Amino acid sequence: MLSSSPRTGVALAVGAMLSVQLGLAVSVGLANEIGPTGVAWLRLAWAAVLLLVLVRPRPSDFGRPALLAGLGLGVVTAGMTILFMVAATRLPLGTASALEFLGPLTVAIVRGRSGTRLWPVLAAAGVLLLTQPWQGGADLIGLACALASAVCWGCYIVLTQRVGDQVSGLRGLALSMPVAGLVATLVHGPAAAGHLTWPLVLAGLGLAVLVPVVPFSMEMLALRRLTTSAFGTLASLEPALALLIGLVVLHQVPNLAAVAGIGFVVAAGIGAERTGAREPEKVAV
């Protein structure tokens, strides 16, 4: 049926990735003014406010398992966002991205059904060819942050599916995002607050819609239609989308290894779409 179709889940996942890429492009100017972790804090804080106002979650909406999963999701969301921003300032972006993708790819490999584990392996080869991490230098703090972000992303996928299954609509996201905003505020809010101006605050509001409100909402809906294995594999499409946007918009011509990587990742994405539908009885209404 349509609600559990893997094609619908794939479309939502790809739409979320496109929103993230657009949000990252828009955030470059803000990062120059308040730093990358300041941008992460600003968009998480605004996202928390938006979802609380629009969704208005109530304590009665959540059973104990959903409440605990939602709180955990908020913590790993903040960790994933902040840690990756720190890693990206210390490592080449390709290196940081390749390391962070170890999270969803590990989920895909560990939780994949028999006969579907070829796809994450193929996607992993594609990610390495696309990002070519061996070409950049690394420092220990950046490496540790990228790997910690990978762990958070893997947990994010599992917890997002769990919360989405237990709570209808976007109420689960309206629980986890305020937790993420609170964690980010405790970590970096006081340091960034002194650099804020009204134009930056308003720009942060627009950025919060692009990242994370729209893509995280789409990911939660996608994970009601796909296995975590399929979603983890599809997450590998993001480097390919970034490379194509760079070619069209920035005229960055990829080398042969990157072109081969796109082929591997697209093949893995097609495989994940064809084998990644969830059982109908497991999909939330």
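Report follows, based on the coordinates. All figures in this text were calculated on a predicted structure; none of them were measured in a lab.

## What to know about the nonpolar core
Considering soluble globular proteins, one finds that nonpolar side chains tend to be buried as a cluster.
Logical step 1: Of all hydrophobic cores here, the largest spans 63 residues; its most connected members are Leu73, Leu130, Trp153, Tyr156, Ile157, Met177 and Leu234.
Logical step 2: Per-element accounting of this core gives the leading share, eight residues, to helix α3 (residues 36–55).
Logical step 3: If near-sequence neighbours (up to four positions away) are discounted, Met177 is found in contact with Leu44, Ala47, Ala48, Leu51, Thr77, Pro212 and Phe216.
Logical step 4: By size, the runner-up hydrophobic cluster in this structure holds seven residues, among which are Ala87, Leu99, Cys145 and Ala146.

## Digging into the packing of aromatic side chains
Logical step 1: This model, assessed by the stated rule, comprises two aromatic pairs.
Logical step 2: Where Phe101 meets Trp153, the ring centres are 5.1 Å apart and the plane angle is 45°; that geometry is what we call tilted. One end of the pair, Phe101, is in the loop between α5 (93–100) and α6 (102–111); the other, Trp153, is in helix α8 (residues 140–166), and 52 residues separate them in sequence. For the residue pair Phe101 and Trp153, the accessibility class agrees, reading buried in each case.
Logical step 3: Taken together, a centroid distance of 5.3 Å and an interplanar angle of 45° make the contact between Tyr156 and Phe216 tilted. Taken together, the positions of Tyr156 in helix α8 and Phe216 in helix α10 (residues 198–222) put the pair 60 residues apart, joining distant regions of the chain. Residues Tyr156 and Phe216 agree in their burial class; the two are buried.

## Some details on the packing of α3 against helix α4 (residues 64–90)
Logical step 1: The contact between α3 and α4 brings their axes to 8 Å, and the two run at 155°. Between α3 and α4, the angle falls in the class roughly antiparallel. Classified by chirality, the crossing of α4 by α3 is right-handed. Contacts between α3 and α4 involve Pro36, Thr37, Ala40, Arg43 and Leu44 from the first element and Thr77, Ala78, Thr81, Ile82, Met85, Val86 and Thr89 from the second.
Logical step 2: Class assignment of the residues belonging to the contact of α3 with α4 gives a composition of seven nonpolar, four polar and one charged.

So, how was this worked out
By convention here, each chain's residues receive numbers from 1 onward along its written sequence. Side-chain atom pairs in this predicted model are given and counted only at pLDDT of 80 or more, local residue features only at pLDDT of at least 70, and totals for whole chains, interfaces and linings cover all residues. Hydrogens and water are ignored here; the side-chain numbers use all heavy atoms of the structure. Only buried Ala, Val, Leu, Ile, Met, Phe, Trp, Tyr and Cys residues count toward a nonpolar core, and they belong to the same one when joined by side-chain atoms within 4.5 Å. Summary of the burial criterion: residues with accessible area below 20% of their type's maximum are buried, those above 50% are exposed, and those between are partly exposed, where the area comes from a 1.4 Å probe applied to protein chains only. Strands are runs of DSSP state E lasting at least 2 residues, helices are runs of H or I lasting at least 4, and numbering of each runs from the N terminus. Should any heavy atoms of two residues lie within 4.5 Å, those residues are considered in contact. Here the aromatic set is Phe, Tyr and Trp, taking the six-membered ring for Trp, and pairing holds for ring centres within 6.5 Å; pairs whose planes are under 30 degrees apart are stacked, those over 60 apart are edge-to-face, and all others are tilted. Axes, fitted as lines to C-alpha atoms, cover a helix only where it is in contact. Angles between the N-to-C directions of the axes lie from 0 to 180 degrees. Should an angle fall under 35 degrees it is taken as roughly parallel, and over 145 as roughly antiparallel, whereas 65 to 115 is taken as roughly perpendicular and any remaining angle as oblique. Left-handed is the label given to a crossing in which the near helix is rotated counterclockwise from the far helix by less than a right angle, and right-handed is the label when the rotation is clockwise. Gly is placed with the polar residues, together with every amino acid not listed as nonpolar (Ala, Val, Leu, Ile, Met, Phe, Trp, Tyr, Cys and Pro) or charged (Asp, Glu, Lys and Arg).

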